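Examination of the molecular architecture
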Amino acid sequence: MAENLLEIKDLRYSFRTYGGTVKAVRGVSFDVKKGEVLGIVGESGCGKSVTAQSILRLNPEPPGFFEGGQIFFKGRDLLKLSEKEMRQIRGKEIGFIFQDPMTSLNPTMRVGAQIEEVFVGRNDVPKKEVHERALEIMRLVGISDVEKRFRQYPHELSGGMKQRVMIAIALVSHPDLIICDEPTTSLDVTIEAQILDLLLELRKKLGTSIIIITHDLGVIARICDRVVVMYGGEVLEHGTVNEIFYETAHPYTHGLMNSIAGLSTPKDAVLKPIEGTPPDLFAPPAGCPFAARCDYGMKVCAKYPPEFTSLSPSHATRCWLQHEYAPKIDLRTRREGTPDGKSE
Ligand SMILES: Nc1ncnc2c1ncn2[C@@H]1O[C@H](COP(=O)(O)OP(=O)(O)O)[C@@H](O)[C@H]1O
Ligand code: SF4
Ligand SMILES: [Mg+2]
């Protein structure tokens, strides 16, 4: 089995607000292997971005604070590093692409300078080589006419081109891990497909590990090896893409599959939203966070949190339905547009 590049153990992250403490991430654990593409999926507000930003320690503090947990990257606990050490990791060893390229790029700075900025303060790459590396990465992410683009400002570029610049910035230092937080949400479908293919190609060429956060199951099916399903600040199921799609074991994952359109969901497909609202993270439920919305809920569910049950070496679910006395319910689904369409 490939070694773990990243190991998150029992991560807890909260925000102090006027209304009380928001428990945004409540005991999340998962790992990312070398060269692996891991998807994190879940409804809005379930803690995906806070988890991702915790890895980079980019959540605003205050109001945010770590309540507990460890984040090992190449064996070092990132939560124990100084801010100076973190700066060496951010953008260099771990690249990141956030949702909105408009707000993530500096409007007053030429594109090329923003790509080269990653190398400022480093002396491991000679100055002459920095320019070459920037042009090379621009070509690699599919930017044409690179010398001209190099001198342009973000507003002179299309949305897709800006996204490519973001990816170039994330990749120019050949990071071991790239974290993409809903990177294709604002793009049209053709560009989205190109960007996803590009990420896969980079993984192949550079051996990069990728965490991709999305609420689009089509994206998951297309590029991920494994998936973590989050809800109410917790992980409720994780497994390989095939296990999540075809051996679905958690009622929430099942609901998600029926409620979200994928890349190739037919236009006339009937989507069934999950009724109800996510739990209040100011006062999280004592038992299973999905209990209030679950079609299969039992008395025990609202009272006691279920433990993870292993279904295979790579697949686990956190649900009382796995208990030996619980009714046997088959949640497995077969849907159009699932991993068969995956491109490798
Ligand atoms: N700066 C902040 N201050 C207070 N609460 C926050 C802040 N950032 C995120 N949260 C809360 O943390 C929870 C998780 O948010 P987030 O990780 O952004 O969700 P997702 O990315 O899954 O949509 C939400 O309830 C959100 O309101
Ligand atoms: S533990 Fe109970 S409420 Fe939670 S998902 Fe399983 S059956 Fe539903
Ligand atoms: Mg988010």
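Preceding this paragraph is the structure being described.
Report on the accompanying structure. Here the structure is a predicted model, which is why all the values come from computation and not from measurement. (Residues numbered from 1 in each chain as written. Chains lettered and ligands numbered in written order. Predicted model: local features only at pLDDT ≥ 70, side-chain atom pairs only at ≥ 80, totals over all residues. Heavy atoms only, no water.)

**With respect to the layout of surface pockets**
Taken as a whole, the largest pocket encloses approximately 410 Å³ of empty space. Lining the largest pocket are 15 residues; nearest its centre among them are Gly91, Phe96, Glu117, Val118 and Ile169. For the lining of the largest pocket, the secondary-structure elements that each account for two or more residues are strand S6 (94–97) and helix H7 (159–171). By residue class, the composition of the lining of the largest pocket is seven nonpolar, four polar and four charged. Its boundaries defined by the atoms lining it, the second largest pocket holds a volume of some 340 Å³. Around the second largest pocket, the lining is made up of 20 residues, and of these Asp31, Arg226, His238, Pro313 and Ser314 lie nearest the centre. The element contributing the most residues to the lining of the second largest pocket is strand S2 (residues 20–33), with six residues. Looking at the lining of the second largest pocket residue by residue, the class counts come to seven nonpolar, eight polar and five charged. (1 Å grid on protein atoms, 1.4 Å probe; cavity = no way out; pocket = protein on both sides within 12 Å on 5 of 7 lines; lining within 4 Å. Points joined across faces, edges and corners; volume = space filled by probe spheres on them. Helix = DSSP H or I, 4+ residues; strand = E, 2+ residues; numbered from the N terminus. Nonpolar A, V, L, I, M, F, W, Y, C, P; charged D, E, K, R; others polar.)

**As for the sheet that holds strand S11 (residues 308–312)**
In spatial order, the strands read S6-S7-S8-S3-S9-S10-S12-S11; together these eight strands make up an open sheet with mixed pairing. Here the strands that pair on one side only, and so sit at the sheet edges, are S6 and S11. The average undirected angle you get between the axes of adjacent strands in this sheet is 20°. The sheet contact formed by strand S10 (residues 234–240) and strand S12 (residues 315–318) spans two bridges and is antiparallel. Paired with Glu237 across the two strands is Thr317, which belongs to S12. Seen against the sheet, H7 touches S6 and strand S7 (177–181) and runs at an angle of roughly 170° to S6. (Pairing = 2+ DSSP bridges. Axes fitted to C-alpha atoms, helices over the stretch in contact; angles between N-to-C directions. Contact = heavy atoms within 4.5 Å.)

**Examining the packing of aromatic side chains**
The final tally for this structure, using the stated rule, is five aromatic pairs. Taken together, a centroid distance of 5.4 Å and an interplanar angle of 65° make the contact between Tyr13 and Phe15 edge-to-face. Take Tyr13 and Phe15: they sit in the same class, and that class is buried. When the ring of Tyr252 is compared with that of Phe290, the centres are 5.2 Å apart and the planes differ by 70°; the resulting orientation is edge-to-face. With Tyr252 in helix H11 (residues 251–259) and Phe290 in the loop between H11 and helix H12 (299–303), the pair connects residues that are 38 residues apart, well separated along the chain. The two residues Tyr252 and Phe290 agree in class, both being buried. Chaining the aromatic ring pairs together yields one cluster made of Tyr13, Phe15 and Phe66. (Phe/Tyr/Trp six-rings, centres within 6.5 Å; stacked < 30°, edge-to-face > 60°. Buried < 20%, exposed > 50% of the residue type's maximum accessible area, 1.4 Å probe, protein only.)

Don't take any of this as a statement about function, it's just geometry.
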